[in-house]
2 protein chains.
Amino acid sequence: MLSKYLQIYEDLKQKIERKEIPSHTFLPSENELMTLYHSSRDTIRKSLSLLQQNGYIHTSKGKGSLVLDHEKIAFPVAGLTSFKELSHTLPGDVMTIVHCFEKIPVTTYLKKELYMQKGDVYHIERIRDIDGEKIILDIDYINAQVIPHLTKEIVQDSIYEYIENDLGLKVSFAKKEITVIQASDQEKELLDMDGFDLLVCVKSYTYLEDATLFQYTESKHRPDKFRFVEFARRSHMDY
Amino acid sequence: MLSKYLQIYEDLKQKIERKEIPSHTFLPSENELMTLYHSSRDTIRKSLSLLQQNGYIHTSKGKGSLVLDHEKIAFPVAGLTSFKELSHTLPGDVMTIVHCFEKIPVTTYLKKELYMQKGDVYHIERIRDIDGEKIILDIDYINAQVIPHLTKEIVQDSIYEYIENDLGLKVSFAKKEITVIQASDQEKELLDMDGFDLLVCVKSYTYLEDATLFQYTESKHRPDKFRFVEFARRSHMDY
DNA sequence: TAGTGGTCTAGACCACTAC
DNA sequence: TAGTGGTCTAGACCACTAC
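Residues numbered from 1 in each chain as written. Chains lettered and ligands numbered in written order. Predicted model: local features only at pLDDT ≥ 70, side-chain atom pairs only at ≥ 80, totals over all residues. Heavy atoms only, no water.

Under an unreviewed UniProt entry, chain A has the name Trehalose operon repressor and belongs to Massilimicrobiota timonensis.

A. Broad picture of the overall build of chain A. Counting secondary structure elements, chain A contains 8 helices and 9 strands. Dimensions along the principal axes, computed over C-alpha positions, put chain A at roughly 60 × 40 × 40 Å. At a minimum sequence separation of 6, the contacts of chain A that also span at least 24 residues come to 58%. A total of about 12000 Å² of accessible surface is found on chain A, and carbon and sulfur atoms cover 50% of it. Chain A carries 31 positive and 38 negative side-chain charges, and their two centres are separated by 7 Å. (Helix = DSSP H or I, 4+ residues; strand = E, 2+ residues; numbered from the N terminus. Contact = heavy atoms within 4.5 Å. Areas by Shrake-Rupley, 256 points an atom, 1.4 Å probe, with all protein chains shown as cover. Lys, Arg positive; Asp, Glu negative; His and termini not counted. Charge placed at Lys NZ, Arg CZ, Asp CG, Glu CD.)

B. View of the relation of the copies chain A and chain B. Between chain A and chain B, which share one sequence, the superposing operator has a rotation angle of 180 degrees and an axial displacement of 0.0 Å; the RMSD is 0.0 Å. Each copy turns onto its partner about a two-fold axis. Residues of chain A ranked by C-alpha distance from the rotation axis are headed by A:Leu198, positioned 4.2 Å from it. (Least-squares fit on C-alpha atoms with pLDDT ≥ 70 in both.)

C. Highlighting the protein's contact with DNA strand D. Residues in close proximity to DNA strand D total 25 residues, the closest being A:Glu30, A:Arg41, B:Lys4, B:Ser40 and B:Thr43. Counting only the atoms of DNA strand D that lie within 4 Å of the protein, the sugar and phosphate share comes to 72%. In the model, a phosphate oxygen of DNA strand D is placed 3.2 Å from a nitrogen or oxygen of the A:Ser29 side chain. Within the contact set of DNA strand D, a phosphate oxygen lies 2.9 Å away from a side-chain nitrogen or oxygen of A:Arg45. With 4 residues, the single largest contributor to the surface near DNA strand D is helix α3 (residues 41–53) of chain B. Broken down by class, the residue content of the surface near DNA strand D amounts to 1 nonpolar, 13 polar and 11 charged. (Near = heavy atom within 4 Å. Polar contact = N/O pair within 3.5 Å; in protein donor to acceptor, adjacent residues only side chain to side chain. Nonpolar A, V, L, I, M, F, W, Y, C, P; charged D, E, K, R; others polar.)

D. Region of interest: the UniProt feature "domain: HTH gntR-type" (unreviewed entry) in chain A. UniProt feature "domain: HTH gntR-type" (unreviewed entry): in the numbering of this structure it lies at residues 2–70 of chain A. Strand forms 12% of residues 2–70 of chain A and helix 49%; the C-alpha atoms that close the span are 24 Å apart. (UniProt positions renumbered as here; feature names shortened; annotations may be inferred.)

E. Structural context of the protein's contact with DNA strand C. Residues in contact with DNA strand C amount to 25 residues; listed here are only the nearest, A:Lys4, A:Ser40, A:Thr43, B:Glu30 and B:Arg41. Those atoms of DNA strand C that come within 4 Å of the protein belong to sugar or phosphate at a rate of 73%. Take A:Lys4: an N or O atom from its side chain is 2.5 Å from a phosphate oxygen of DNA strand C. Between a phosphate oxygen of DNA strand C and a side-chain N or O atom of B:Thr59, the distance comes to 3.2 Å. Of all the secondary-structure elements, those providing two or more residues to the surface near DNA strand C are α1 (4–17) and α3 (41–53) of chain A together with α2 (30–36), α3, β1 (57–60) and β2 (64–67) of chain B. For the surface near DNA strand C, the element with the most residues is α3(A), which contributes 4 residues. Across the surface near DNA strand C, the residue classes tally to 1 nonpolar, 13 polar and 11 charged.

F. Expanded view of the nonpolar core. A:Ile178 and B:Ile178 are the most contacted members of the largest nonpolar core, which totals 62 residues. In contact with B:Ile178, not counting residues within four places along its chain, are A:Phe226, A:Arg227, A:Phe228, B:Val200, B:Cys201, B:Val202, B:Phe226 and B:Phe228. (Core = buried A, V, L, I, M, F, W, Y, C linked by side-chain atoms within 4.5 Å. Buried < 20%, exposed > 50% of the residue type's maximum accessible area, 1.4 Å probe, protein only.)

G. Layout of the interface of chain A and chain B. The interface is formed by 55 residues belonging to chain A together with 55 residues belonging to chain B. On the surface where chain A and chain B come into contact, there are 4 salt bridges. Taking the shortest distance from any N to any O, the salt bridge between B:Asp69 and A:Lys175 comes out at 3.7 Å. Between chain A and chain B we count 14 residue pairs in polar contact (both at pLDDT 80 or more) in total. Of all the elements in the fold, those that place two or more residues in the side of chain A that touches chain B are α1, α3, β1 (57–60), α7 (159–166), β6 (171–182), β7 (198–208) and β9 (228–233) of chain A. With 11 residues, the top contributor of residues to the side of chain A that touches chain B is β6(A). (Salt bridge = Lys/Arg side-chain N within 4 Å of Asp/Glu carboxyl O.)

H. Fine view of the environment of B:Tyr141. Residue and element names in this part refer to chain B. Within the element layout of this structure, Tyr141 appears in strand β5 (residues 133–143). For the pair Tyr141 and Ser65, spaced 76 residues apart in sequence, the C-alpha to C-alpha distance is 44 Å. In this view, Tyr141 contacts Leu110, Leu114, Val121, Tyr122, His123, Phe214, Gln215 and Tyr216; residues no more than four positions away in its chain are not counted.

In structure tokens form, the structure reads like this:
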């Protein structure tokens, strides 16, 4: 059961996406929304604040909440979304090849990345084939004490689905870093590099609800197929 | 005069950054913070919500607000920050070369990017030299009706400073896109490419407080010198 | 069971905008 | 001047956590 302010957020979001409320117009005022949704101003403001954070509207004092044109944004890449979830929004045919699946004792390097002292780690390498081209190499290291009993079948499908549906845990937040690296000879063999020498590397450290770090990932993308979109607000305090 | 909840946010943020409140410990509870800062729970919760959004803490029901280790994040690249502001946080010697500064009638291409029907546009190209290497090429197109009277001197220093301090306008939000592109021959001549063929291209559409689009930028970075960091939370509704 | 954060309400005062 | 969003308060009930 979604909370009231999330319901209102979802409702307004859909109306904006479906252009029932067109861009460059104003939302009803907070007072009007209060009577429309039978709720208090605080609840309405929570919903509006979410819309604002996600780039759907821009509110200004004395004026109201302006609907931004949302097409130009195309969100999905930002945030924390599994490849399986993302693949529904991709236009092409998507296939995953599990190139490597093993359980190994934690190495010195991984001890640092995963904040572990001892124990085992799953080492998983998956190649993402989109429309017949091998474009992405995902390398995952997962703490086997936190996420046990992984199998090749799970990994072929979706690790997040297993974590959230079968283990009943919740993936919560991640730190990500985007850089560009030289492709190794092995990577050039595994992927269809189409003459490129470089790869875009997205490193993620992913945490559960209780703030335990369970996953370190390097996701390597052929440079011409990489695109990242974000919506940023200027902070007028920090500088 | 900063509002109360922003003061509390800044205070807690500093204490976390200076490790007066160490990571992996809990903040005082909301009740305790209420008496500590002589404020209502709602005000405290606004401050905590900001800390949460920016990756400083992680709150869970029944437990409290856990301080995350923040060093591992290193924020500055995310958000909406001028190069001059960023340069204070860069380790090396930074220099800007204004390679092109002209006012031109809007072209067909720019009409689309800047949502303009007619009028003039400033076309600015700046090369960023860091520690003696020409690494970044910033190409700006700015609506001259919205931001008038630009000079080469302003552009050499900081456009945002001019907009905010001299014109009294406020830079508010931006949509950004990161891709990788082939460097043109001209770009290879302007920058010290060090053998690279590709550039990381960050396109931004930047808006003022009143939601007018005033700037379209392509910021092109030598791939080995590009790094982008973000903090992402998982949304448990959208998929 | 006591303490924690999550949600929701009702009311107040303010600065800003548009007229 | 009327309407708008921004801030702040006080109080209530809830589900979850740790013991």
